[in-house]
There are 2 protein chains.
Amino acid sequence: MSRRGDAAATKAALLDAAARLFAERGFDRTTVRDIAAVAGVNQALLFRYFGSKDALFATVLASRGRELIEESPAEQLLCRMLLRLTGKTARPEDHPLYAALRSAHHDTAAAVVNQQLGEDFARVLRSLTDAPDAELRADLVLAWVVGIGVLRSMFAKEPLASADNRAVAELVLKATSVLLERVDRV
Amino acid sequence: MSRRGDAAATKAALLDAAARLFAERGFDRTTVRDIAAVAGVNQALLFRYFGSKDALFATVLASRGRELIEESPAEQLLCRMLLRLTGKTARPEDHPLYAALRSAHHDTAAAVVNQQLGEDFARVLRSLTDAPDAELRADLVLAWVVGIGVLRSMFAKEPLASADNRAVAELVLKATSVLLERVDRV
DNA sequence: CCCCTGGGTAAGCGTTTGCTTACACAGACA
DNA sequence: TGTCTGTGTAAGCAAACGCTTACCCAGGGG
C-alpha cells in the first residue's frame, strides 16, 4: 500500500475542502474544480473516490452530520447549540448545518435536516415539556435556532450578527422557557 | 403604440414568471429559458427589457418587496405576518421572502432582506418594547419568523409544516411576549 | 527482468448557462 | 408609398459545468 501518494489522505482532504466550501457557498455555487483546488488534489480523483458531486455532498452531510447533536444533557442542549452556532470561536460557519441551509433545494440536504434535526434535536427538545403539542413546540424552538443562524451567517443582519452570543442565548432561553418548561436558563 | 404585441404585458408576464420561479427554486436553479417559457415569451426579450438575469432578480425583489410589510398596526404585524407566511391560502410560497431565502448568497437578496426586513419589520417590532436591547429582541423575533418559513417551506419539517397556522401563531406570540411586552396575542 | 496494480495527471467531451446577434415584420408618420 | 421605429423570433456564441477518458509512473510479486 501507499505507493506514491496516500489515498486515505486524499479522500480526507477532499472531504475537508468540500465541507468548508459547501458550508460557505452552498451546493450550487461550489464547483468540483474549486473543491479539488482547495484540497490540493486533481479533480479527477474526486470522481474516482466519491463517484459524483452529489455523492460527495451526501458523504459530507453524513460524516459530519452527527456532530450536529453533541452528547449533552437535554436541558443544556439548546443552550450549547445556541452558543456553538453563534460563537466566535471554532469557526461556526463550517458547521454542516450551514451547508445544508445554503443548499436547501438539494434533496439530500433536506433529508439530512429532517433526519438529524428532526429525529434527534427535536426529539430531545420534545422531552422538555409535558404539553400535548410537545412536537410542535420542539419544531418551533428548532425553527428559532435555524432562523438565528440564517440571519446571522447568511444575511449578516445587524445587530444580531455582531451581538454577544451569551446575550442572544439568554433572551432566547428566557422566551423558550414559556414553551419548554424544563429548559435550562443561562 | 402597441404595434404587434404589448411590451408592458410582456414585461409583466416576465416579472410574474420570474417571481414565481425564483421563490420556488431560488436564483441559481432558475434559468432564463424557464422564465421565458413560463411567461410564454421569447427569452431574448428578457434581456431587452431587464438587461440581465441579475437585474431581473433585483427588479422582482424591489417591486414585490414592499409587500413584505403591509400597513398594519405594529401590535398586529407579527400576528399577520405569521398567519400570512404559514397560511394555506394565497400561495404563501410565492412570497418574495422565499425568493430571497432561497437565494441567500445573492448580494441583492441579502441587501433586500437587510433593508426590507431590517429597516421596516424590525423597526416596527422594536417599538413594542422599552427594553434597552430592543433592536436585538426585534432581530430575534424576526429570526423566528424566518426560521419557521425555512423549516416549513424549504425542508417540509413535520409536524411544523402541516400544523395549523393559528396554533403556530398562538405559541409564537405567547413566547414572544416575553421579549416584546406590547405584542398582541391571538 | 517484466507485468500488474493502484495512485496521480492532463486533456477534453457533451451539455447547459447567460447573453448576443441578425433578422422578420406590423404599424405610425411623412 | 416609403422609411423608420418598436416588437418578436431564431440561431448561436463563449464560458463554465459535471464528468470521462487515456495516459503516466512508482513499486511489489513472479
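Residues numbered from 1 in each chain as written. Chains lettered and ligands numbered in written order. Predicted model: local features only at pLDDT ≥ 70, side-chain atom pairs only at ≥ 80, totals over all residues. Heavy atoms only, no water.

1. Quick look at the overall build of chain A
Move 1: On a plain count of helices and strands, chain A comes out with nine helices and zero strands.
Move 2: Along the chain direction, N to C, the helices and strands of chain A fall in the order α-α-α-α-α-α-α-α-α.
Move 3: With 186 residues in all, chain A has 53% of them scored as buried.
Move 4: By sequence separation, contacts in chain A at least 24 residues apart represent 65% of the contacts at least 6 residues apart.
Move 5: Surface summary for chain A: the accessible area is close to 8300 Å², and the carbon and sulfur share equals 48%. (Helix = DSSP H or I, 4+ residues; strand = E, 2+ residues; numbered from the N terminus. Buried < 20%, exposed > 50% of the residue type's maximum accessible area, 1.4 Å probe, protein only. Contact = heavy atoms within 4.5 Å. Areas by Shrake-Rupley, 256 points an atom, 1.4 Å probe, with all protein chains shown as cover.)

2. Section: the interface of chain B and chain A
Move 1: The partner chain A presents 43 residues to the 43 residues of chain B that form the contact.
Move 2: For the pairing of chain B and chain A, the buried interface totals around 3800 Å² over both sides, and the portion due to carbon and sulfur atoms is 74%.
Move 3: In terms of surface lost to chain A, no three residues of chain B exceed Trp144, Phe155 and Leu171 of chain B, which account for 18% of the buried area on that side.
Move 4: Taken together, the links from chain B to chain A amount to four salt bridges. (Buried area = accessible area lost by both parts, 1.4 Å probe. Salt bridge = Lys/Arg side-chain N within 4 Å of Asp/Glu carboxyl O.)

3. Structural notes on the pattern of salt bridges
Move 1: Tallied over the full model, the rule gives 13 salt bridges over all chains.
Move 2: Of the charged contacts, one joins Asp133 of chain B and Arg137 of chain B as a salt bridge, the two residues approaching to 2.8 Å between their closest N and O atoms.

4. Looking at the UniProt feature "DNA-binding region" (unreviewed entry) in chain A
Move 1: On the UniProt side, "DNA-binding region" (unreviewed entry) is annotated at positions that read residues 31-50 of chain A here.
Move 2: The distance from the first to the last C-alpha atom of residues 31-50 of chain A is 14 Å, and the span holds 80% helix and 0% strand. (UniProt positions renumbered as here; feature names shortened; annotations may be inferred.)

5. Structural notes on the packing of aromatic side chains
Residue and element names in this part refer to chain B.
Move 1: This structure, assessed with the given rule, holds seven aromatic pairs over all chains.
Move 2: On the basis of an interplanar angle of 85 degrees and a centroid distance of 4.9 Å, the ring pair of Phe22 and Phe57 is categorised as edge-to-face. In this pair, Phe22 sits in helix 1 (residues 7-25) while Phe57 sits in helix 4 (residues 53-65), placing the two residues 35 residues apart along the sequence. Per residue, the accessibility class of Phe22 equals that of Phe57, and both read buried.
Move 3: With centroids separated by 5.0 Å and ring planes inclined at 65 degrees, the aromatic side chains of Phe27 and Phe57 adopt a geometry described as edge-to-face. (Phe/Tyr/Trp six-rings, centres within 6.5 Å; stacked < 30°, edge-to-face > 60°.)

6. Examining the side chain of Thr10 of chain A
Move 1: Tracing the backbone shows Thr10 of chain A in helix 1 (residues 7-25).
Move 2: Not counting chain neighbours up to four residues away, the residues in contact with Thr10 of chain A comprise Val41, Leu45 and Tyr49 of chain A.

7. Focus on the packing of helix 8 (residues 134-154) of chain A against helix 8 (residues 134-154) of chain B
Helix packing geometry: the angle between the two helix axes and the distance between the axes.
Move 1: Two elements in contact, helix 8 of chain A and helix 8 of chain B, have axes separated by 6 Å at closest approach and are oriented at 110 degrees. Taken together, helix 8 of chain A and helix 8 of chain B sit at an angle that is classed as roughly perpendicular. For the pair helix 8 of chain A and helix 8 of chain B, the contacting residues are Asp139, Leu140, Leu142, Ala143, Trp144, Val146, Gly147, Ile148, Val150 and Leu151 of chain A in the first and Asp139, Leu140, Leu142, Ala143, Trp144, Val146, Gly147, Ile148, Val150 and Leu151 of chain B in the second.
Move 2: Considered class by class, the residues forming the contact of helix 8 of chain A with helix 8 of chain B number 16 nonpolar, two polar and two charged. (Axes fitted to C-alpha atoms, helices over the stretch in contact; angles between N-to-C directions. Parallel < 35°, antiparallel > 145°, perpendicular 65-115°, else oblique. Nonpolar A, V, L, I, M, F, W, Y, C, P; charged D, E, K, R; others polar.)

8. Brief notes about empty space enclosed by the protein
Move 1: In the structure shown here, the tally under the stated rule is four cavities of 30 Å³ or more.
Move 2: In terms of lining residues, the largest cavity is bounded by 22 residues, among which Arg102, Ser103 and His105 of chain A together with Arg102 and His105 of chain B are the most central.
Move 3: For the lining of the largest cavity, the class distribution of residues is eight nonpolar, six polar and eight charged. (1 Å grid on protein atoms, 1.4 Å probe; cavity = no way out; pocket = protein on both sides within 12 Å on 5 of 7 lines; lining within 4 Å. Points joined across faces, edges and corners; volume = space filled by probe spheres on them.)

9. Points about the packing of helix 8 of chain B against helix 9 (residues 165-176) of chain B
All names here are of chain B.
Move 1: The geometry of helix 8 relative to helix 9 is characterised by a closest axis approach of 11 Å and an angle of 155 degrees between their N-to-C directions. Taken together, the axes of helix 8 and helix 9 lie roughly antiparallel to each other. In the packing of helix 8 onto helix 9, the handedness of the crossing is right-handed. Contacts between helix 8 and helix 9 involve Val141, Trp144, Ile148 and Arg152 on the former and, on the latter, Val168, Val172, Ala175 and Thr176.
Move 2: Classifying every residue of the contact of helix 8 with helix 9 by side-chain character gives six nonpolar, one polar and one charged. (Left-handed = near helix turned anticlockwise from the far one by under 90°.)

10. Focus on the side chain of Thr176 of chain A
Residue and element names in this part refer to chain A.
Move 1: For Thr176, the location among the structural elements is in helix 9 (residues 165-176).
Move 2: Owing to a relative accessible area of 0%, Thr176 belongs among the buried residues under this scheme.
Move 3: Ignoring sequence-local partners within four residues, the contact set of Thr176 consists of Leu78, Val141 and Trp144.

11. With respect to unusual backbone geometry
Residue and element names in this part refer to chain A.
Move 1: Residue Pro159 is reached from Glu158 by a cis peptide bond, and omega for that bond is 5 degrees.
Move 2: Within the secondary structure, Pro159 sits in the loop between helix 8 and helix 9.
Move 3: At Ala156, a position not held by glycine, the phi torsion is positive, near 50 degrees.
Move 4: Of note, Ala156 is situated in the loop between helix 8 and helix 9.

12. Notes on helix 8 of chain B
Residues and elements named next belong to chain B.
Move 1: In a regular helix each residue adds 1.5 Å, so 21 residues correspond to 30 Å; helix 8 covers 29 Å between its end C-alpha atoms and thus fits that length.
Move 2: Most of helix 8 sits out of view: 20 of its 21 residues are buried.
Move 3: Looking one or two places after helix 8, you find Ala156, whose phi comes out positive at around 50 degrees. (Expected span 1.5 Å × (residues − 1).)

13. Considerations on the confidence of the model for chain A
Residues and elements named next belong to chain A.
Move 1: For chain A, the mean per-residue pLDDT works out to 83, and 83% of the residues sit at or above 70.
Move 2: Within chain A, helix 2 (residues 32-39) carries the highest mean pLDDT (97), whereas helix 5 (residues 74-86) carries the lowest (67).
Move 3: Quick note on the complex model: pTM equals 0.84, ipTM equals 0.82. (pLDDT = per-residue confidence, 0-100.)

14. Some points on the environment of Leu101 of chain A
Move 1: Tracing the backbone shows Leu101 of chain A in helix 6 (residues 96-101).
Move 2: A sequence separation of 45 residues divides Leu101 of chain A from Val146 of chain A, and the C-alpha atoms of the two residues are 8.5 Å apart.
Move 3: Those residues within four positions of Leu101 of chain A in sequence are excluded, and the remaining contacts are Val146, Val150 and Met154 of chain A together with Val150 and Phe155 of chain B.

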